[in-house]
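Listed here are the chains, written in short residue letters.
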Amino acid sequence: MIAGRRKLSFARAMPSFPLLGKELLEIASRRRTYVIRVVLALLLLVAFAIAYQQELGDGDPLFDMIGKGGFLCLRLFECLFIGVCVFMPAMTAGVITVEKEQGSLVLLLLTPMSPFGLVLQKCLGRVLSTMAILMLALPLFSIAYAYGGLDVETLFLFIYVLILTCLQLAALSIAVSAWCRTSTGAFCLTYILEAVLYMGPYLMEQLSYSFYQSSSGGIHFWKLASGIFPLQAFRQQFGRTLSFDLDFVCDVLTTSLPALLSIPVFLLLARLFIVRRADLSGSNPFLRLFRFLDATFQRLDARIGRTSSLELPLMNPVAWRELNRRSLSNWRYLVRLFVPVYSVAILAMVLFSVNVDREWADTLQSMAYYAVLASGTLALMALGAGLIAGERTHQTLDVLLTTPISPRQILTQKASALRRIQGALLALVLLTIWFDYYMGHMDATRCLVRAAAAVVFLPCFTWIAIICGIVSPRRNQAMIAVVIISMIWLAGVPLLLSGLESIFGDHRNYYYYNDYYGREETFFHALQASSPVGLLLMNDDHEFRVAWGMELGVPFVALSGYLVLWMCLRATARDLAGRFLRRSVSHG
Amino acid sequence: MSFVTISHLRVRYGKFEAVKDISFEIPKGELFGFIGPNGAGKSSTIKVLATLLKPSGGTVTIGGVDVVKNPAKIRRNIGYVPDFFGVYEDLTVREYLHFFAAAYEIERGKREGLIGDALALTDLGGKIDAPVDGLSRGMKQRLSLARVLLHDPELLLLDEPASGLDPRARIEMRELLKELQRLGKTIIISSHILHELAQLCTRIGIIEAGQMMAEGPLEEIFRRLNLMRVVHVQLVNPTDALIAAIRAMPGISGVEPQADRLAIQWREGELAVEDLHDAIHKLGGRIRMFQPEALDMETAFMKLTEGKTA
């Protein structure tokens, strides 16, 4: 009796987490949760097998792997770390914006649940499900550990860094989600902030060295700030022999202090934004600003006696709305948005080229190209995934589908806005390439391959995102799907090929193509170029040689392939639009 | 001659069958009320008519054209208003209507005139340059109706058009629908608010769990169900003998004397309301007021659906 009463009072004393419970139950009841886990487990197994084979080579599996567990663990850790960095924002960025879009966030805030409790439960829901995925690697870690060559402290550091990154990115994503109005905005902004947070301080530190060539306060600040990236903070410690004592614990805590501190800061920001920005039913700030400017110009026109004509749709109404009433697709708005971006980009490139040494200028130029290409691709992916999902969310698709406009026409007209944004982004990418060429950082051939790659990659990723948006009933699902597909294409293909090469080819010559360049290598190069990352890296490393009788045989064939892929993806999207757009949201 | 013909319609979502073999016909110019609880299959049936859903079985024709075989032709002849309106909040009323005028490929020269007419009919003329997101719910609903009138369709499909509207907006909506019926439109309107449809519709169909329970003109359904009706009668000479004589009449189930009138319950299947009036007069009753109560659709609905809701 007393024990029962104690149990009851204990249960009452325990804080309840209704939202967390709901989130976990929802995740657990979805079939795709288990499909994703199985796929990720298989990918990890493949990565482990490749790492094992690379390390083993032609050796004896019984003896030659002894003491090589450290390498295997490091590879596993790298895979998991990249996975967390890529998937955590995709999984978490929409958790609060979805509630905003459905109008249910205000209702949640009216419950006795505190705003901080809400933030915490939303965050924990995603962290716990990610932890469950990370635990898939435990059996492989134990196998690797059994081979020896790895101390417990390093293993602890691997796990600590993974958990820390997980928590930090979840907190960052929640803060961004609480700030943003739409899932598309949250998705893009989270990745951009992640890149700034992880790469920014390190780059600033390096730049400060390059500018000042000596130690200064600024350099120390950026060095300290670069500790916010857990991997950067612990980079020096992974190779060392460590011992598990109080010094080690204190050292770990001090090293990870910036990262640890960032977690409550992000959560507090999320707490602040979730209340202040709970009801953002108005249009986005860019659109409001641009419309204000339009109205001002119209008033000025009226004063000088000029009347502006009304812009009304004459034909292709869907395209008209996309091109005239959206902030990122109206020509006038695009110019207003991109002119400052172009100006800043040009100024930054000139400044860097003048002030930093040649080697650094090369690296920065390369980074500028990849940063613009990656952020442009990300933006197009987010917009593409939300192209049809947006109509579904605002429940306008059904109305549109009862008009004589066919689903294919709807898709084609909506995609016209993305083409315009693609054009603007492409101009920025080409600007960085031209600057590279003008400053003599890169030869014309490499510049040409880079430019051609940008021209075909942006539409390819856009159409993949559009297809995901057509097939997936919700915007968040579409975004997660497009991230998974892109990661498999970008990283999975080179990883698999390098693995296959190491297993079936002469792995000792893997990095020395220049020694021998026959038909097999040409074929292998073409396979490598089937991934955009593979193609661009080979281009940067001057690995293209004469193939199929052409100096640029491999990139020519690869880029032609991408062109065909682009056309196929576009045709597939149009075909799927006809079949999937009529998928009803609700039934009565 | 029926304008809309639904024959053995079936709609399936995976393993769940939302509409189970329903058949009915709607003559041209009728205002057909589709009544049923939430999840009964009303919206699914309307979506099939709107070419948004492909039926799992059966045939559906509008004006003799099959909705599955020729959806493009059907779309030019129907106007669909979903329960959530489906309006673009980032446009003004003018832009919104021009958007759909372009979607329906209406000649450019005719657009301004048609939009003006539709706005006048829906009483939104003063809001032509107002942003859509600034309109009230009732106005958005009227804007949706203005949208579907632009291309002058013969059939209007309105899915729960009065949901979430205040009493004034509901009355305005009712009057607007009556006006549209006068203009010769065939209208299918779904709702679970029964008395609203009773005041509006010329025919009704009661659907429950995907099956049509009853269909036809309202009076016919009541007659078929042999439901009790009530008439309020004010007599100059309400003597006990007269009341007893009325009670004894065939088809009368009860007479309840109230402060200034008698509430007489009678079975319409056995005694027509005109005959009741004549019978009271013949019994010597001097009638000052004779007012039958509106048809009690709640009772009909509960009787047909046996009180079950989804």
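Residues numbered from 1 in each chain as written. Chains lettered and ligands numbered in written order. Predicted model: local features only at pLDDT ≥ 70, side-chain atom pairs only at ≥ 80, totals over all residues.

> Please set out the overall build of chain A residue by residue, giving values where relevant.
Looking only at helices and strands, chain A features 25 helices and zero strands. Excluding contacts between residues fewer than 6 apart, the proportion of contacts in chain A whose partners are at least 24 apart in sequence is 81%. (Helix = DSSP H or I, 4+ residues; strand = E, 2+ residues; numbered from the N terminus. Contact = placed C-beta atoms within 7 Å.)

> Tell me about the overall build of chain B, and name the residues and values.
Scanning chain B for helices and strands turns up 11 helices and 14 strands. For chain B, the C-alpha atoms occupy an extent of roughly 75 × 50 × 35 Å along the three principal directions. Looking at the 310 residues of chain B, the share that counts as buried comes to 42%. Partitioning the contacts of chain B with sequence separation of at least 6, the portion at a separation of at least 24 is 70%. (Buried ≥ 20, exposed ≤ 12 C-beta atoms within 10 Å, placed from the backbone.)

> Please give an account of helix α14 (residues 257-276) of chain A that cites residues and values.
Residue and element names in this part refer to chain A. With 20 residues, α14 extends 29 Å from end C-alpha to end C-alpha; this agrees with the ideal 28 Å at 1.5 Å per step. Three or more residues of α14 are buried, namely A259, S262, F266, L267, A270, R271, F273 and I274. Taken together, the buried residues of α14 touch α5 (95-102), α7 (115-134), α9 (152-179) and α12 (230-234). (Expected span 1.5 Å × (residues − 1).)

> Kindly report on the interface of chain A and chain B, identifying the contributing residues and their values.
Each partner contributes to the interface: chain A provides 21 residues, whereas chain B provides 34 residues. Only α16 (317-324) and α19 (397-401) of chain A provide two or more residues apiece to the side of chain A that touches chain B. Tallied by class, residues from the side of chain A that touches chain B come to nine nonpolar, eight polar and four charged. (Nonpolar A, V, L, I, M, F, W, Y, C, P; charged D, E, K, R; others polar.)

> Please give an account of the nonpolar core that cites residues and values.
Ranked by internal contacts, the top residues of the largest apolar core, which has 205 residues, are L76, I174, A175 and V482 of chain A together with L157 and I188 of chain B. Excluding residues that lie within four positions of it along the chain, I174 of chain A makes contacts with T92, V95, I96, V119, K122, C123, F266, L267 and A270 of chain A. Counting eight residues, the second largest nonpolar core, distinct from the first, contains L235, V255, W266 and I280 of chain B. (Core = buried A, V, L, I, M, F, W, Y, C linked by C-beta atoms within 7 Å.)

> Describe in detail the domain arrangement of chain B, supporting the description with residues and values.
Assigned domains of chain B: these are domain 1 (2-219) and domain 2 (226-299). Put simply, the middle of domain 1 of chain B and the middle of domain 2 of chain B, counted by C-alpha atoms, are 39 Å apart. (Domains from an automatic or database assignment.)

> Tell me what's going on with the environment of R288 of chain A, and back it up with residues and numbers.
Mapped onto the elements of the fold, R288 of chain A is located in helix α15 (residues 285-303). Each C-alpha atom, one on R288 of chain A and one on V335 of chain A, is 16 Å from the other, the two residues being 47 residues apart in sequence.

> Break down the pairing of strand β6 (residues 78-81) of chain B for me, citing the residues and quoting the values.
Residues and elements named next belong to chain B. Of the two faces of β6, the one carrying I78 and Y80 and the one carrying G79 and V81 are both buried. Of the strand pairs in this sheet, β6 and strand β7 (residues 155-159) are connected by four bridges, and their pairing is parallel. Looking across to β7, one finds that G79 is bridged to L156. (Pairing = 2+ DSSP bridges.)

> An account of the packing of α5 of chain A against α9 of chain A is needed here, citing residue identities and associated values.
Residues and elements named next belong to chain A. Packing of α5 against α9 brings their axes to within 7 Å, and their N-to-C directions diverge by 20°. Classed by the angle they form, the pair α5 and α9 counts as roughly parallel. Here α5 and α9 pass one another in a crossing that is right-handed. Each of V95, I96 and T97 in α5 lies in contact with α9, whose residues at this interface are I174, S177 and A178. Of the residues that constitute the contact of α5 with α9, the class distribution is four nonpolar, two polar and no charged. (Axes fitted to C-alpha atoms, helices over the stretch in contact; angles between N-to-C directions. Parallel < 35°, antiparallel > 145°, perpendicular 65-115°, else oblique. Left-handed = near helix turned anticlockwise from the far one by under 90°.)

> I'd like a rundown of the packing of helix α3 (residues 93-103) of chain B against helix α5 (residues 137-149) of chain B, residues and numbers included.
Geometry of a packed helix pair, given as the angle between the helix axes and the separation of the axes. Residue and element names in this part refer to chain B. At their nearest, the axes of α3 and α5 sit 9 Å apart, and the two run at 35° to each other. Viewed along their axes, α3 and α5 form a crossing whose handedness is right-handed. Where α3 abuts α5, its residues V93, Y96, L97 and F100 lie against L143, A146 and R147. Residue classes in the contact of α3 with α5 are distributed as six nonpolar, no polar and one charged.

> Lay out the sheet that holds strand β2 (residues 16-27) of chain B with the relevant residues and their values.
Whether parallel or antiparallel, the strands of a sheet pair through hydrogen bonds between backbone atoms. All names here are of chain B. Across the sheet, four strands lie side by side as β2-β1-β4-β5; this open sheet has antiparallel pairing. A single partner strand is all that each edge strand has here, and the edge strands are β2 and β5 (65-66). Relative to β5, strand β4 (residues 57-62) runs antiparallel, the two sharing two bridges. The partner of T61 across the bridge, within β5, is D66.

> Outline unusual backbone geometry, supporting the account with residue identities and numerical values.
Residue and element names in this part refer to chain B. Positive phi values are uncommon outside glycine, yet H8 reaches one of about 50°. Tracing the chain through its elements places H8 in strand β1 (residues 2-13). Judged by the 13 C-beta atoms lying within 10 Å of it, H8 falls in the partly exposed class.

> Could you give an account of the sheet that holds strand β11 (residues 228-235) of chain B, naming the residues involved and the relevant values?
All names here are of chain B. On the basis of which strands lie adjacent, the open sheet formed by four strands has the order β12-β13-β11-β14 and antiparallel pairing. Sheet topology places β12 (252-257) and β14 (287-292) at the edges, where each strand pairs with a single neighbour. Ignoring which end each strand starts from, the neighbouring axes of this sheet average 20° apart. Bridging between β11 and strand β13 (residues 262-267) involves six bridges; their strand directions are antiparallel.

> So, the pairing of β7 of chain B: which residues are in play, and what are the values?
Residue and element names in this part refer to chain B. By the criterion of burial, β7 is predominantly enclosed, with five of the five residues buried. Of the two faces of β7, the one carrying L155, L157 and D159 and the one carrying L156 and L158 are both buried. Bridge analysis of β7 against strand β8 (residues 186-191) gives five bridges, and the strand direction is parallel. Across the sheet, the residue bridging to L156 is I187, located in β8.

> Account for the environment of P167 of chain B, naming residues and giving values.
All names here are of chain B. Along the chain, P167 turns up in helix α6 (residues 167-182). P167 sits in the exposed class, given 8 other C-beta atoms within 10 Å. Linking P167 and R261, residues 94 residues apart in sequence, is a C-alpha distance of 29 Å.

> I'd like to hear about the confidence of the model for chain B, residue by residue, with values.
Considering every residue of chain B, the mean pLDDT works out to 85; 92% of them sit at 70 or more. The complex prediction reports pTM at 0.78, with the ipTM value standing at 0.77. (pLDDT = per-residue confidence, 0-100.)

> Residue-level account of helix α2 (residues 18-29) of chain A, with values.
Relative to the 16 Å expected for 12 residues at 1.5 Å per residue, α2 of chain A spans 16 Å between its end C-alpha atoms, a close match to the ideal helical length. Sparse coverage of α2 of chain A is indicated by the burial of one of its 12 residues.

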